[in-house]
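One letter stands for each residue in the lines below.
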Amino acid sequence: MYNSLNVRKNTQSRVCAVARIVTLFLLAWYAPQLISAEDDPPLPRAARSNAKVFLIGNSLTWDAMPSLLDGDVQWHVDCGRSLKYIHDHPEQPCVKSSVSWPTALKKQQYDFLCVQPFTGSNLDSDVAVISKWMSMQPSAIVILHTGWSRADEFEQSYHAKLDDKQTMVHSLEYFAKLQTELQARHPNREIRSTRAIELLDAIWHDVGQATTPFDKFNDLYRDEIHLTTQAGRYLMHNALRHALGQVLSSQGFQVEEDEKDYLDGKLKSVLGMR
């Protein structure tokens, strides 16, 4: 009787010990994954390496370096042109690697459609043109690339009010109104923004407070309107990546360490980029 009880107790102890080992193993396996899932939420749809992306714009779209994006990426880039001009004259975009938008948008469906308004249009024409392209790509997430204005007029442009003709200007009000109008026409579509002008406005104010490695706001520009090939393009490329749900990347750039640390901080604080 005594021996029988000992056998049962020993068996129960061994079972409990095995159960504890299994439990510890499962915790060791799953706990890091659970923590990761909570602290690092999954990216939106664009993070897929095979996501199809099409961009329409001018050299300010080109300054965002679309060729360095993840996924299957194509573009129609025509230098210095508004969206209305690009819509009406798609035949000869200045960037030779472009695929004309009529060919691209009719041939296949994209996951993301990025469009960049520019001076020479107004709100009505931008809404009409973008709406047409959205109708051709009914499943695409739409991204408004704000671009930016010339360095010397940046802050004035950023805070500009719409005139009676609602002329296109690189202002916070214009892009807010554009997104609202598009959303009203397409209530079930997802529309995002690169928020490029918001990033530059934050830097403009930091320059004024001397809390940036750039001595002057113009230091981010290589000419009156285009950004520098390293720091400036790095900033805009990653703003576009964020809108697409892609992670921060320095591939293809050689940015001074202090400038990179500062720009990374702006991307994280303004956009919430990871």
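Presented here is a report on the structure given in the accompanying data block.

Rules used in this analysis
- Residues numbered from 1 in each chain as written.
- Predicted model: local features only at pLDDT ≥ 70, side-chain atom pairs only at ≥ 80, totals over all residues.
- Heavy atoms only, no water.
- Helix = DSSP H or I, 4+ residues; strand = E, 2+ residues; numbered from the N terminus.
- Polar contact = N/O pair within 3.5 Å; in protein donor to acceptor, adjacent residues only side chain to side chain.
- Expected span 1.5 Å × (residues − 1).
- Contact = heavy atoms within 4.5 Å.
- Pairing = 2+ DSSP bridges.
- Axes fitted to C-alpha atoms, helices over the stretch in contact; angles between N-to-C directions.
- Buried < 20%, exposed > 50% of the residue type's maximum accessible area, 1.4 Å probe, protein only.
- Phe/Tyr/Trp six-rings, centres within 6.5 Å; stacked < 30°, edge-to-face > 60°.
- Lys NZ or Arg CZ within 6 Å of the ring centre and 35° of its normal.
- Disulfide = S-S within 2.5 Å.

## As for the side chain of Q116
Assignment of secondary structure puts Q116 in the loop between β3 (112–115) and α5 (123–136). Of note is the side chain of Q116, whose polar atom sits 2.8 Å from the side chain of N58.

## A short note on helix α7 (residues 172–185)
Taking 1.5 Å as the rise per residue, α7 with 14 residues should run 20 Å; its terminal C-alpha atoms sit 20 Å apart, in good agreement. Among the structural elements, α5, β4 (141–144), β5 (191–193) and α8 (196–208) are those in contact with the buried residues of α7.

## Description of the sheet that holds β4
Two strands in a sheet stick together by hydrogen bonds in their backbones, pointing the same way (parallel) or opposite ways (antiparallel). Judged by pairing direction, the sheet is parallel, and its 5 strands sit side by side in the order β2-β1-β3-β4-β5 without closing on themselves. For this open sheet the edge positions go to β2 (72–77) and β5, each flanked by a neighbour on one side alone. If you compare each strand with its neighbour and ignore which way they point, the axes differ by 20° on average. Relative to β3, strand β1 (residues 52–57) is paired through 4 bridges, and the arrangement is parallel.

## Description of the pairing of β1
With 5 of 6 residues buried, β1 lies mostly within the body of the structure. Sheet analysis places β1 next to β2, joined by 6 bridges and oriented parallel. Its bridge partner lying in β2, K52 is registered against D72.

## Looking at the packing of aromatic side chains
Under the defined criterion, the tally for this structure stands at 9 aromatic pairs. When the centroid spacing of 5.2 Å and the interplanar angle of 40° are considered together, the rings of F154 and F217 count as tilted. With F154 in helix α6 (residues 154–158) and F217 in the loop between α8 and α9 (231–243), this pair connects stretches of sequence that are 63 residues apart. Measuring from centroid to centroid gives 5.7 Å for Y174 and F175, while their planes differ by 85°, and the two rings are edge-to-face. Classification of Y174 as buried rests on a relative accessible area of 0%. We classify F175 as buried; its relative accessible area is 6%. The ring of Y85 has R81 sitting right over it, with the charged end atom 4.0 Å from the ring centre.

## Topic: the state of the cysteines
Two cysteines, two sulfur atoms, one covalent bond between them: this is a disulfide. Here the structure, examined in full by the defined rule, presents 1 disulfide. Covalently, C79 is tied to C94 through a disulfide, its sulfur atoms 1.9 Å apart. Where C79 bonds to C94 through sulfur, the torsion about that S-S bond is close to 75°, and the disulfide is right-handed. With C79 in the loop between β2 and α3 (83–88) and C94 in the loop between α3 and α4 (101–107), this residue pair connects regions lying 15 residues apart in the sequence. On the basis of relative accessible area, C79 is assigned to the partly exposed category, the value being 41%.

## Overview of unusual backbone geometry
Phi is positive for M65, close to 55°, though the residue is something other than glycine. Mapped onto the elements, M65 comes out in the loop between α2 (59–62) and β2. Owing to a relative accessible area of 19%, M65 belongs among the buried residues under this scheme. Of note in this structure, R195 is not a glycine but carries a positive phi near 60°. Note that R195 resides in the loop between β5 and α8.

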